[in-house]
Amino acid sequence: MITGTMVKPSVFKLGNVKSPLGNLNFWEQGTLPFEVKRAFWITEVPAGGERGIHAHKKDNQITVCLQGKVKVELEDLTGQHYVFELNDPGEALYLPCLVWSKFTFEENSILLVLSSQDFEESDYIRLKADFEKLKDGYSKAL
């Protein structure tokens with residue numbers, strides 16, 4: 001059974017230095033809400049393509065749209081919905097565990113993902129019906 005306070009998804013600013021020669025965006029460990037154990041990036045998704053249609057049991061993630069635009073639709077265990085538009089490489093979205101996600105890509109978008117956990121297939125909740133069961137259990141525990 002899942003109990004406790006839910007952590008909400010949120011957007012935060014990364015380091016940024018602007019120059020006529022181009023922009024430098026960066027992050028340092030102290031600015032992130034967890035230690036990064038894994039990084040991956042998603043490229044060449046066709047316009048309108050959807051990725052990340054799942055939730056994680058333990059893995060927290062930070063996503064950064066390095067190029068283009070990605071619409072992010074989220075739902076937490078309380079049933080609250082969130083919509084974010086990522087299009088600034090100087091901003092990051094904190095995606096806590098136990099949040100259902102769907103990422104919709106525009107053409108030529110690149111999404112960087114930083115994870116708190118190493119890859120583990122058993123951490124994934126891939127079926128929406130399984131996520132709905134967790135939501136039911138969470139609401140009954142309140």
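The present account deals with the structure reproduced in this document. (Residues numbered from 1 in each chain as written. Predicted model: local features only at pLDDT ≥ 70, side-chain atom pairs only at ≥ 80, totals over all residues. Heavy atoms only, no water.)

On to the packing of aromatic side chains. The way to describe two aromatic rings as a pair is by their centre distance and the angle between their planes. For the structure on display, the rule yields four aromatic pairs. Between Phe-34 and Tyr-94 the ring centres are 6.4 Å apart and the planes differ by 45°, which places this aromatic pair in the tilted class. Here the residue Phe-34 occupies a position in the loop between β3 (24-26) and β4 (38-42), and Tyr-94 occupies one in strand β9 (residues 91-95), the gap between them amounting to 60 residues. Of the two residues, Phe-34 and Tyr-94, both sit in the buried class. Ring centres of Trp-100 and Phe-131 lie 5.7 Å apart, and the angle between their planes is 45°; this geometry places the pair in the tilted category. With a gap of 31 residues between them, Trp-100 in strand β10 (residues 100-105) and Phe-131 in helix α1 (residues 128-141) connect regions that are remote in the sequence. Judged by relative accessible area, Trp-100 falls into the buried class, the value being 9%. Look at Phe-131 and you get buried, because its relative accessible area is 0%. Just above the ring of Tyr-124 sits the side chain of Arg-126; from NZ or CZ to the centre is 4.0 Å. (Phe/Tyr/Trp six-rings, centres within 6.5 Å; stacked < 30°, edge-to-face > 60°. Helix = DSSP H or I, 4+ residues; strand = E, 2+ residues; numbered from the N terminus. Buried < 20%, exposed > 50% of the residue type's maximum accessible area, 1.4 Å probe, protein only. Lys NZ or Arg CZ within 6 Å of the ring centre and 35° of its normal.)

Take unusual backbone geometry next. The phi angle at Glu-44 is positive, at roughly 55°, despite the residue not being glycine. Along the chain, Glu-44 falls in the loop between β4 and β5 (50-56). For Glu-44, a relative accessible area of 77% translates into the label exposed. A positive phi angle is found at Leu-98, which is not glycine, with a value near 60°. By secondary structure assignment, the location of Leu-98 is in the loop between β9 and β10. Using a relative accessible area of 13% as the deciding quantity, one classes Leu-98 as buried.

Checked against the element boundaries, Ser-116 lands in the loop between β11 (110-115) and β12 (124-125). The class for Ser-116 is buried, based on a relative accessible area of 7%. A distance of 2.9 Å separates a polar side-chain atom of Ser-116 from the backbone nitrogen of Asn-60. In contact with Ser-116, not counting residues within four places along its chain, are Phe-34, Glu-35, Lys-37, Lys-58, Asp-59 and Asn-60. (Polar contact = N/O pair within 3.5 Å; in protein donor to acceptor, adjacent residues only side chain to side chain. Contact = heavy atoms within 4.5 Å.)

Formed by 16 residues in total, the largest nonpolar core has its most connected members in Val-70, Val-72, Leu-74, Phe-103, Phe-105 and Leu-111. Among the elements of the structure, β7 (70-75), β8 (81-86), β9, β10 and β11 are those that each provide at least two residues to this core. Once residues lying within four places of it in the same chain are set aside, the contact partners of Val-70 are Cys-65, Phe-84, Glu-85, Leu-86, Phe-103, Thr-104, Phe-105, Ser-109 and Leu-111. By size, the runner-up hydrophobic cluster in this structure holds 10 residues, among which are Leu-14, Leu-32, Ala-92 and Tyr-94. (Core = buried A, V, L, I, M, F, W, Y, C linked by side-chain atoms within 4.5 Å.)

Along the chain, the position of Lys-135 falls in helix α1. Distance in space between the C-alpha atoms of Lys-135 and Leu-77 is 4.6 Å, their sequence separation being 58 residues. Every residue in contact with Lys-135, bar those within four places of it in the chain, is listed here: Glu-75, Asp-76, Leu-77 and Gly-79.

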